[in-house]
Amino acid sequence: MDINIMTDRELAEIISTDKYDGELIAQADRVRRENYGTDVYLRGLIEICNVCKNDCLYCGIRRSNGHVDRYRLSREDIMNCCENGYALGFRTFVLQGGEDPYYSDGVICSIVSEIKEKYPDCAVTLSLGEKERESYAAYRAAGADRYLLRHETANEEHYARLHPEGMSLKHRKDCLFILKELGYQVGSGFMVGSPWQTAENLVEDLRFLQTLEPDMIGIGPFIPHRDTPFRDFPGGTLEQTVRMVAILRLMFPYALIPSTTALGTIHPLGREMGLKAGANVVMPNLSPVRVRKLYELYDNKICTGEEAAECRNCLENRITNAGYKVVSARGDVKKR
Ligand code: SAH
């Protein structure tokens, strides 16, 4: 079975049946070991704000959700998270948040350059949504190394059902290509099991990623949030998400693929299963504990009570028990 020569129809079939899971996962683990050994890279996630001007129908911090207690981290808060993270061995900091105009380009740039100045051996990853080329260019000039922007779904009609009018798949895709042009290591990805998603949609996601050739690919199960229009939809399954991780590893041998918090949320050993299916990155939370619960994209998010050090230790134990090894390197993508 070779994923890389399959037709769209064959792929859709593999995506929707659990018949080949054992074989797929074993193949994916082999490919991962050939390229990255047993190394697992750490990314320290700092959730800088839960204020968002967008209204994505699946997301718990969407603008229309009036039940969210909104917060913004100050520059000092963010620098404290980095200091804490650096001492714990993190060499990548990921600044993620809602699309919040409060963080003007000037503010973002000054935070990025302060982090790079203090920690020149660290990579800075941004995940702040869709911006204009000029903004991305300014962040890059300030020292940002990587950018995460999931495309969410590569199918126009499906995209339109998950997002309010005014948001467009085309704009999101344009952003991704601009980020690449600007020399970022780029990450994209999608949710598994979002409302109305079909196996054919997932094939389109894979085909889109083949044209983008991203350095990082993040996927996780869709998990309903009680205060969104999608509250009554079923979530994505563990099996299908893990299967998709394996398929991604086989299609993108060199990619950095996180085993996500969402996967750990739907099953106590979800992240371990992701690692065994080819994922080679984990993103422990470095946000201050007082805001952890407030960055709630979906219900029952895990790891909202622990200090960063506890999170890191817990993940290190999980990784070791799964048969892999935490490394404290920056963990840049290995070039093809
Ligand atoms: N504002 C940034 C960061 C978004 S949050 C941006 O636009 O990129 C990071 C990711 O969380 C999103 O890309 C989405 O794929 C995921 N997410 C949001 N709501 C979710 C939900 N209900 N279930 C699972 N994942 C969700």
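Anything mentioned here points back to the structure above.
From a predicted model like this one, the values you see are computed outputs, not experimental measurements.

K.L.:
Can you help me understand the overall build of the chain in this one?
P.N.:
Helix and strand counts for the chain come out as 13 helices and nine strands. On C-alpha atoms alone, the chain measures out to a radius of gyration of 18 Å, which is about the 20 Å that the 2.2 N^0.38 rule sets for 336 residues. C-alpha extents for the chain along the principal axes are approximately 50 × 45 × 40 Å. Within the span of the chain, comprising 336 residues, buried residues form 60% of the whole. Within the chain, residue pairs in contact and separated by at least 24 positions form 75% of the contacts whose partners lie at least 6 positions apart. Surface exposure of the chain reaches about 13600 Å², of which carbon and sulfur atoms provide 50%. Across the chain, 43 positive and 48 negative side-chain charges occur, with their mean positions spaced 3 Å apart.

K.L.:
Explanation requested: the site of the ligand in the structure shown.
P.N.:
The environment of the ligand is made up of 17 residues, and the closest members are Y58, G97, R150, E152 and I223. One nitrogen or oxygen atom from the main chain of Y58 is found 2.9 Å from a nitrogen atom belonging to the ligand. I223 places a polar main-chain atom, nitrogen or oxygen, 2.8 Å from a nitrogen atom of the ligand. If the ligand stood free it would expose 560 Å²; the protein chains cover 90% of that surface. Its residues assigned to classes, the shell around the ligand comprises 10 nonpolar, four polar and three charged.

K.L.:
What's the story with the pairing of strand 1 (residues 39-42) in this structure? I'm lost.
P.N.:
Looking down a regular strand, the side chains alternate between one sheet face and the other. Bridging between strand 1 and strand 9 (residues 325-327) involves three bridges; their strand directions are parallel. Within strand 9, the residue paired with Y41 across the bridge is V327. As judged from the two bridges shared by strand 1 and strand 8 (residues 281-282), these two strands associate in the parallel manner. Paired with L42 across the strands is V282, a residue of strand 8.

K.L.:
What exactly am I supposed to notice about helix 8 (residues 199-212) here?
P.N.:
Helical periodicity: at 3.6 residues per turn, an α-helix aligns residues three or four positions apart in one direction. The end-to-end C-alpha distance of helix 8 is 20 Å, a good match for the 20 Å that 14 residues give at a rise of 1.5 Å each. Among the structural elements, helix 1 (8-16), helix 6 (156-162), helix 7 (169-181), strand 6 (185-192), strand 7 (216-221) and helix 9 (238-251) are those in contact with the buried residues of helix 8. Positive phi shows up at E213, right after helix 8, with a value of about 50°.

K.L.:
Any chance you could explain the side chain of R243 here in plain terms?
P.N.:
One can find R243 in helix 9. Excluding anything up to four places from it in sequence, R243 contacts I14, I15, S16, T17, D18, D21 and L24.

K.L.:
How do you make sense of the pattern of salt bridges when you look at a structure like this?
P.N.:
A side chain with one charge may pair with a side chain of the opposite charge, provided their charged atoms come close. On inspection of all chains with the given rule, the structure shows 25 salt bridges. Between D8 and R207 there is a salt bridge, with its nearest N and O atoms 2.7 Å apart. You can see D8 sitting in helix 1 and its partner R207 sitting in helix 8, a full 199 residues away along the chain. Judged by its relative accessible area of 43%, D8 falls in the partly exposed class. Residue classification places R207 among the partly exposed residues on the basis of a relative accessible area of 25%. For R172, the salt bridge is made with E152, and the minimal N-O distance between the two is 3.5 Å. Linking R172 in helix 7 with E152 in the loop between strand 5 (146-148) and helix 6, this pair joins segments that are 20 residues apart in sequence. Both residues of the pair, R172 and E152, belong to the buried class. Among the charged side chains, a salt-bridge network with shared partners connects K116, D145, R146, R330 and D332.

Thresholds applied
- Residues numbered from 1 in each chain as written.
- Predicted model: local features only at pLDDT ≥ 70, side-chain atom pairs only at ≥ 80, totals over all residues.
- Heavy atoms only, no water.
- Helix = DSSP H or I, 4+ residues; strand = E, 2+ residues; numbered from the N terminus.
- Rg over C-alpha atoms; globule rule 2.2 N^0.38 Å.
- Buried < 20%, exposed > 50% of the residue type's maximum accessible area, 1.4 Å probe, protein only.
- Contact = heavy atoms within 4.5 Å.
- Areas by Shrake-Rupley, 256 points an atom, 1.4 Å probe, with all protein chains shown as cover.
- Lys, Arg positive; Asp, Glu negative; His and termini not counted.
- Charge placed at Lys NZ, Arg CZ, Asp CG, Glu CD.
- Near = heavy atom within 4 Å.
- Polar contact = N/O pair within 3.5 Å; in protein donor to acceptor, adjacent residues only side chain to side chain.
- Nonpolar A, V, L, I, M, F, W, Y, C, P; charged D, E, K, R; others polar.
- Pairing = 2+ DSSP bridges.
- Expected span 1.5 Å × (residues − 1).
- Salt bridge = Lys/Arg side-chain N within 4 Å of Asp/Glu carboxyl O.

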